[in-house]
Amino acid sequence: MSYDPDNIFAKILRGEIPSFKVYEDEDTYCFMDIMPRTDGHCLVIPKTPCRNILDASPEQLSACMTTVNKVANACMRAFGADGITLQQFSEAAGGQEVFHLHFHILPRHEGVSTRPPGKMGDMDQIKAHGAAIAEAIENM
Ligand code: AMP
């Protein structure tokens, strides 16, 4: 399976379609999922091409995990969360829909289930949640 440079996250990285940015560094970008399964659901991706966990380099994985660690801790503070669910799907059979490596970060609260997939969120609320995570990162 090869990398398709026209996948939607590659377009986000190139600024061809908008996203609610949470954080970025030299190697990674974090932005809000527009179909959030919990409040604060965001995605961490490498800036370099990579389809999924199967073709990821150690450098890409290391960079993503460093950002996941930072954003997950910010989510705990921003949402008063009790925990974090980290998800990654590889290939269609594994549940992957967008073929640029990404890690889902879902802030979780005791006893609260995730929402069903595929439902568009409220954009104003998603924007506000992204800003809250970004502010928590700045104050860390
Ligand atoms: P998956 O490939 O199954 O891990 O899921 C892809 C994720 O990307 C889903 O949670 C979608 O809600 C999310 N998604 C799809 N398009 C966009 C977009 N333009 N901006 C932000 N998130 C997106």
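Relevant structure appears above.
Okay, so let's go over this structure. Since the model is a prediction, treat every value here as computed from it, not as a measurement. (Residues numbered from 1 in each chain as written. Predicted model: local features only at pLDDT ≥ 70, side-chain atom pairs only at ≥ 80, totals over all residues. Heavy atoms only, no water.)

### Looking at the pairing of strand β3 (residues 42-46)
Every regular strand shows the same layout, with side chains that alternate between the two sheet faces. Across the five residues that make up β3, a large majority, five, are buried. Residues of β3 alternate between two faces, with Cys42, Val44 and Pro46 on one and Leu43 and Ile45 on the opposite face, all of them buried. Taken together, the five bridges between strand β2 (residues 28-32) and β3 define a ladder with antiparallel strand orientation. Among the inter-strand pairings, Phe31 is bridged to a residue of β3, identified as Leu43. Taken together, the three bridges between β3 and strand β5 (residues 103-108) define a ladder with antiparallel strand orientation. Along β5, the bridge assignment pairs Leu43 with His104. (Buried < 20%, exposed > 50% of the residue type's maximum accessible area, 1.4 Å probe, protein only. Helix = DSSP H or I, 4+ residues; strand = E, 2+ residues; numbered from the N terminus. Pairing = 2+ DSSP bridges.)

### Observations regarding the site of the ligand
The environment of the ligand is made up of 16 residues, and the closest members are Asp33, Gly95, Glu97, His102 and His104. Taking Val98, its main chain carries an N or O atom lying 2.9 Å from an oxygen atom of the ligand. For the ligand, the protein covers 88% of the area, taking 510 Å² as the surface of the free molecule. When atom positions are compared with the pocket grids, the ligand is found to occupy the largest pocket. Of all the secondary-structure elements, those providing two or more residues to the shell around the ligand are α1 (8-13) and β2. Counting residues per element, the shell around the ligand draws most heavily on α1, at three residues. Residue classes in the shell around the ligand are distributed as ten nonpolar, four polar and two charged. (Near = heavy atom within 4 Å. Polar contact = N/O pair within 3.5 Å; in protein donor to acceptor, adjacent residues only side chain to side chain. Areas by Shrake-Rupley, 256 points an atom, 1.4 Å probe, with all protein chains shown as cover. 1 Å grid on protein atoms, 1.4 Å probe; cavity = no way out; pocket = protein on both sides within 12 Å on 5 of 7 lines; lining within 4 Å. Sits in = over half its atoms within 2 Å of the grid points. Nonpolar A, V, L, I, M, F, W, Y, C, P; charged D, E, K, R; others polar.)

### Considering the sheet that holds strand β4 (residues 83-87)
The strand order across the open sheet built from five strands is β1-β2-β3-β5-β4, with neighbouring strands paired in antiparallel fashion. At either margin of the open sheet sits one strand with a lone partner, and together these are β1 (21-24) and β4. Neighbour-to-neighbour, the strand axes of the sheet open up by a mean angle of 20°, direction not taken into account. Across the sheet, helix α2 (residues 58-79) is in contact with β1, β2, β3, β4 and β5; its angle to β5 comes to roughly 20°. Relative to the sheet, helix α3 (residues 123-138) contacts β1, β2 and β3, its axis offset from that of β1 by approximately 30°. (Axes fitted to C-alpha atoms, helices over the stretch in contact; angles between N-to-C directions. Contact = heavy atoms within 4.5 Å.)

### Re the packing of aromatic side chains
By the definition in use, this model includes two aromatic pairs. With a centroid separation of 5.2 Å and 80° between ring planes, the pair formed by Phe9 and Phe31 is classed as edge-to-face. In this pair, Phe9 sits in helix α1 while Phe31 sits in strand β2, placing the two residues 22 residues apart along the sequence. With a relative accessible area of 7%, Phe9 lands in the buried category. Owing to a relative accessible area of 2%, Phe31 belongs among the buried residues under this scheme. Ring pairs connect the aromatic residues Phe9, Tyr29 and Phe31, which therefore count as one cluster. (Phe/Tyr/Trp six-rings, centres within 6.5 Å; stacked < 30°, edge-to-face > 60°.)

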